[in-house]
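Notes for the structure review
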Amino acid sequence: MRKVRWGILSTAEIARTQVIPAIIQAKNAEVAAISSSSGRGSETALEFGIPKLYNSYEELLNDPEIDAVYIPLPNHLHKHWVIEAAKKGKHVLCEKPAALNAEDATEMVNVCREHNVKFMEAFMYQFHPQHQRVKEIIASGKIGEVKLMRSSFSFLLEQKDGNIRMDKEKGGGSLYDIGSYCIHAIRFILDAEPAAVEVHGEMDSETGVDLSAVCILELENGVKAIFDCSFDTAFRNEYEIIGTKGRIIVPRAFRPDINGGEGIIIIQNDSVETIERIHGYLYLTEIEHFSNAILEDSPIMYSGESMIKNMRVIDACYQALIN
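In short, a report on the structure. (Residues numbered from 1 in each chain as written. Predicted model: local features only at pLDDT ≥ 70, side-chain atom pairs only at ≥ 80, totals over all residues. Heavy atoms only, no water.)

On to the sheet that holds strand β8 (residues 194–203). Strand order in the open sheet formed by 8 strands is β8-β9-β10-β7-β11-β12-β13-β14, and the pairing between neighbours is mixed. Across the chains shown, the open sheet's two edge strands, defined by having one partner strand only, are β8 and β14 (272–279). Across the sheet, the axes of successive neighbouring strands diverge by a mean angle of 15°, strand direction being ignored. Bridge count for strand β7 (residues 146–156) against strand β10 (residues 224–230) is 7 bridges, and the pairing is parallel. Its bridge partner lying in β10, Ser 151 is registered against Phe 227. Contacts from helix α9 (residues 304–322) reach β8, β9 (210–219) and β10, with the element oriented near 50° to β8. (Pairing = 2+ DSSP bridges. Helix = DSSP H or I, 4+ residues; strand = E, 2+ residues; numbered from the N terminus. Axes fitted to C-alpha atoms, helices over the stretch in contact; angles between N-to-C directions. Contact = heavy atoms within 4.5 Å.)

Structural data, given as structure tokens:
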């Protein structure tokens, strides 16, 4: 079986702890090269047995044997390197948020199309099977007509000094970092786009970065949604869908991987509560899905159009927060 030959741009923690191991485990992918500007490239290449090491991203992109690249660079660098990779004919999996605004995201999608390469933003959580099961339960009518969805993603960022999440110029902020997941989940699960947003947040006085935000969305289909994201509260990664006859609670929505890949779905209907446990490997499934799309020239699950729409909501949330 032919395998997609992946190049990794940087030795970021997410690459070393999650994505590189997933590529190694994938049936249709292999890590062919890594590039680093930090000097840690040789250490990572040795650890994972990566055959090629480059000292610059340009060198890796010039390698004709690389089919696709994974970009886990700081947010403000995504646009430049996605476009450079596309111009070199490389398919691109880029960490979220793929861009800092919808205008940049649109340009990135268009350049990738012009160069006939696939481009996907790495919202890995969506590849866990618990979410398709949630959509099946909603479609079955078990909780009645959906009226409200709530989502939360937060953690306590104890060491803020020097953390890239606190650097406004580099795309720091809770909305970019974790609020983006909540927005994506609301759009993905309810299959609807927000028509209006209201945001209340807390800004860091020194950096101007949003430490937390509470957002109210009114969707085009009339359903309401509320989400909160924060660097200043206990760890939560969950969503809840409330209908006229019951509700669905997903307490491990975005990071089931830290529980061995086990997702939990709690269905409450009248006085009856049902709990379903579903296992899945989100990073591995993401890599195999994207690699298969390259090998088979098939559509990717998360389209460029959807990515742009997600960025538009993030733009609207930041605009509402500023005002």
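Alright, that's what it looks like, and here's the rest.
Right, let's get into the environment of Leu 60. Inspection of the secondary structure puts Leu 60 in helix α3 (residues 57–61). Classification of Leu 60 by relative accessible area gives buried; the value is 0%. For Leu 60 and Ser 35, which are 25 residues apart along the polypeptide, the C-alpha to C-alpha distance reads 6.3 Å. Residues contacting Leu 60, with those up to four places away along its chain left out, are Gly 7, Ile 8, Leu 9, Ala 33, Ile 34, Ser 35, Tyr 54, Ile 66 and Val 69. (Buried < 20%, exposed > 50% of the residue type's maximum accessible area, 1.4 Å probe, protein only.)

Moving on: helix α8 (residues 282–296). Relative to the 21 Å expected for 15 residues at 1.5 Å per residue, α8 spans 21 Å between its end C-alpha atoms, a close match to the ideal helical length. Inspection of α8 places Leu 282, Tyr 283, Leu 284, Glu 286, Ile 287, Phe 290, Ser 291, Ala 293 and Ile 294 among the buried residues, and these make up the whole buried set. Turning to α8, the residues buried within the fold contact β1 (4–9), α1 (13–25), β2 (29–35), β4 (68–71), β5 (91–94) and β6 (119–121). Two residues or fewer after α8 comes Asp 297, characterised by a positive phi angle close to 50°. (Expected span 1.5 Å × (residues − 1).)

Considering only enclosed or pocket space, the largest pocket measures out at about 1100 Å³ in volume. Along the walls of the largest pocket sit 37 residues, with Glu 13, Ile 14, Lys 96, Arg 165 and Asp 177 positioned nearest its centre. Listed by contribution, the elements that provide at least two residues to the lining of the largest pocket are α1, β7 and α7 (174–190). Considering each element in turn, the lining of the largest pocket owes the most residues, 5 residues, to α1. When grouped by side-chain class, the residues that make up the lining of the largest pocket number 16 nonpolar, 12 polar and 9 charged. Estimates place the volume of the second largest pocket at around 240 Å³. (1 Å grid on protein atoms, 1.4 Å probe; cavity = no way out; pocket = protein on both sides within 12 Å on 5 of 7 lines; lining within 4 Å. Points joined across faces, edges and corners; volume = space filled by probe spheres on them. Nonpolar A, V, L, I, M, F, W, Y, C, P; charged D, E, K, R; others polar.)

Inspection of the secondary structure puts His 131 in helix α6 (residues 130–140). Apart from the residues lying within four places of it in its own chain, the contact partners of His 131 are Tyr 125, Gln 126, Phe 188, Ile 189, Tyr 239 and Ala 253.

Our next topic: a nonpolar patch on the surface. A cluster of nonpolar residues, Val 214, Ile 216 and Ile 226, forms a patch on the protein surface that exposes about 200 Å² of accessible area. Here Ile 216 shows up in strand β9. (Patch = residues over 30% accessible without salt bridge, like charges linked within 9 Å, V, L, I, M, F, W, Y side chains within 5 Å. Areas by Shrake-Rupley, 256 points an atom, 1.4 Å probe, with all protein chains shown as cover. Salt bridge = Lys/Arg side-chain N within 4 Å of Asp/Glu carboxyl O.)

Okay, the packing of aromatic side chains next. Tallied over the full model, the rule gives 12 aromatic pairs. Between Phe 155 and Phe 231, the ring centres sit 5.5 Å apart and the planes meet at 50°, which makes this aromatic pair tilted. Residue Phe 155 is located in strand β7, and its partner Phe 231 is located in the loop between β10 and β11 (232–243); the two are separated by 76 residues in the primary sequence. An identical accessibility class is assigned to Phe 155 and Phe 231; each is buried. (Phe/Tyr/Trp six-rings, centres within 6.5 Å; stacked < 30°, edge-to-face > 60°.)

Below, the discussion takes up the pattern of salt bridges. Side chains that carry opposite charge are capable of pairing whenever their charged atoms lie near each other. What the rule picks out here adds up to 22 salt bridges. The shortest N-O distance in the salt bridge between Glu 193 and Arg 187 comes to 2.8 Å. Because the salt bridges share partners, they merge into one network encompassing Arg 2, Arg 5 and Asp 67.

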